[in-house]
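# Overview (structure and organization)
Spelled out from the first residue to the last, the chains are:
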Amino acid sequence: MAERSTSGAPAKRSVRRRFSRRKGCRFCADSTLKIDYKEVRNLRYFVTERGKIVPRRISGNCAEHQRKIREAIKRARNIALLPFTAGHSLD
Ligand SMILES: [Zn+2]
């Protein structure tokens, strides 16, 4: 008799995907979009609330642009436009 553990996560397998399959990265798709460390509003999209860089799987960027994003974020961090981590704020 196989005892099935019912504690923990239910084995619910939803096939539905949250993210629509967007293969190409937005920067390849739209060449007018710039990756600039000064464009914090754009960069924010690629940084989590905790200050981590969103992985490529999620951002959907191609390797090349993801690298540029990463560079821009690092640069922005260095001039304190973006936080390194979320540890310092009081709220
Ligand atoms: Zn790209």
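Residues numbered from 1 in each chain as written. Predicted model: local features only at pLDDT ≥ 70, side-chain atom pairs only at ≥ 80, totals over all residues.

## Comments concerning the overall build of the chain
Across its full length, the chain holds four helices and zero strands. Starting at the N terminus, the α and β elements of the chain follow one another as α-α-α-α. Considering the chain as a whole, with its 91 residues, one finds that 12% of them fall into the buried category. (Helix = DSSP H or I, 4+ residues; strand = E, 2+ residues; numbered from the N terminus. Buried ≥ 20, exposed ≤ 12 C-beta atoms within 10 Å, placed from the backbone.)

## Description of the environment of arginine 75
You can see arginine 75 is positioned in helix H4 (residues 63-78). Sequence spacing of arginine 75 and aspartate 36 is 39 residues, and the spatial spacing of their C-alpha atoms is 9.3 Å.

## Quick look at the nonpolar core
Core analysis: the biggest nonpolar cluster contains seven residues, these being Tyr37, Leu43, Phe46, Ile69, Ala72, Ile73 and Ala76. Beyond its immediate chain neighbours, meaning those up to four positions away, phenylalanine 46 contacts Ile53, Val54, Ser59, Ile69 and Ile73. (Core = buried A, V, L, I, M, F, W, Y, C linked by C-beta atoms within 7 Å. Contact = placed C-beta atoms within 7 Å.)

## Describing the environment of glutamate 64
Mapped onto the fold, glutamate 64 is located in helix H4. For the pair formed by glutamate 64 and phenylalanine 27, sequence separation is 37 residues and the distance between their alpha carbons is 9.8 Å.

## Here we look at H4
Over its 16 residues, H4 runs 23 Å from end to end, which matches the ideal 22 Å to within 8%, given 1.5 Å per residue. Residues of H4 that are buried include every one of Gln66, Ile69, Ala72, Ile73 and Ala76, and no others. When H4 is viewed along its axis, its buried side chains cluster within an angular range of 125° and face the same direction. Along H4, the residues that are exposed and aim more than 90 degrees away from the buried face are Ala63, Glu64, Glu71 and Asn78. Contact partners of the buried residues in H4: helix H2 (40-44) and helix H3 (56-59). Backbone geometry just downstream of H4 places alanine 80 in the positive-phi region, at approximately 65°. (Expected span 1.5 Å × (residues − 1). Arc of directions from axis to C-beta.)

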